[in-house]
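Understanding the architecture of this molecule
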Amino acid sequence: MNVQTIKKTEDVNDELLIDDEVICLIPWKGIAMAFSLTSLGLGSLCFGILSALGHLDEKYEDRTIAFFVVGGLTFIPGAYHVFIAYSAYTKKPGYSYSDIPDVDSF
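All of these numbers come straight from a predicted model, not from anything done at the bench.

1. Focus on helix 2 (residues 64-89)
With 26 residues, helix 2 extends 36 Å from end C-alpha to end C-alpha; this agrees with the ideal 38 Å at 1.5 Å per step. Regarding helix 2, the residues found buried are Thr64, Gly71, Thr74, Gly78, His81, Ile84, Ala85, Ser87 and Ala88. Buried residues in helix 2 make contact with helix 1 (28-53). Just downstream of helix 2 lies Lys91, where phi reads positive at about 60°.

As structure tokens, then:
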């Protein structure tokens, strides 16, 4: 591929225009955050299930609902963005890396 010009498009900050072909930059921090949220959510949901079934100590029974709430609030958006990242990686139509928010605060 003969690359002559690389410039940022004016309307979208996370795409490069190379010889009239748009190439999306991969938001690595956003994908890492999605995997972190998914892992934290799965862990919290597992602790909630174990606590609800009585496999944890009885003194932790009051935290069962909190585990389910935190697990649900972290797993759902994390799994959603992991799915988008996987779909963009496999080049499914309608999905791109620009759908994943980039985390610039780290």
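Next comes the rest of the write-up.
2. Things to note about the side chain of Thr64
Position of Thr64 relative to the elements: it lies in helix 2. Those residues in contact with Thr64 that sit more than four places away from it in its chain are Gly48, Ser51 and Ala52.

3. Section: the packing of aromatic side chains
Counted according to the given criterion, the structure contains two aromatic pairs. Geometrically, the ring pair formed by Phe83 and Tyr95 is edge-to-face, given 5.6 Å between the ring centres and 90° between the ring planes. Taken together, the residues span a long stretch of sequence, with Phe83 in helix 2 and Tyr95 in the segment after helix 2 at a distance of 12 residues. When its relative accessible area of 40% is taken as the criterion, Phe83 is described as partly exposed.

4. Section: helix 1
Over its 26 residues, helix 1 extends 37 Å from the first C-alpha to the last, a length consistent with the 38 Å expected when each residue adds 1.5 Å. Those residues of helix 1 not exposed but buried are Gly30, Ile31, Ala34, Thr38, Gly41, Ser44, Gly48 and Ser51. Buried residues along helix 1 sit against helix 2. Gly54 lies just past helix 1 and shows a positive phi near 90°.

5. Focus on the nonpolar core
With six residues, the main nonpolar core is built from Ile31, Ile84, Ala85, Ala88, Tyr97 and Ile100. For this core, the element with the most residues is helix 2, which contributes three residues. When near neighbours in sequence (up to four residues on either side) are disregarded, Ile100 contacts Pro27, Gly30, Ile31, His81, Ile84 and Ala85.

Conventions and cut-offs
Residues numbered from 1 in each chain as written. Predicted model: local features only at pLDDT ≥ 70, side-chain atom pairs only at ≥ 80, totals over all residues. Heavy atoms only, no water. Helix = DSSP H or I, 4+ residues; strand = E, 2+ residues; numbered from the N terminus. Expected span 1.5 Å × (residues − 1). Buried < 20%, exposed > 50% of the residue type's maximum accessible area, 1.4 Å probe, protein only. Contact = heavy atoms within 4.5 Å. Phe/Tyr/Trp six-rings, centres within 6.5 Å; stacked < 30°, edge-to-face > 60°. Core = buried A, V, L, I, M, F, W, Y, C linked by side-chain atoms within 4.5 Å.

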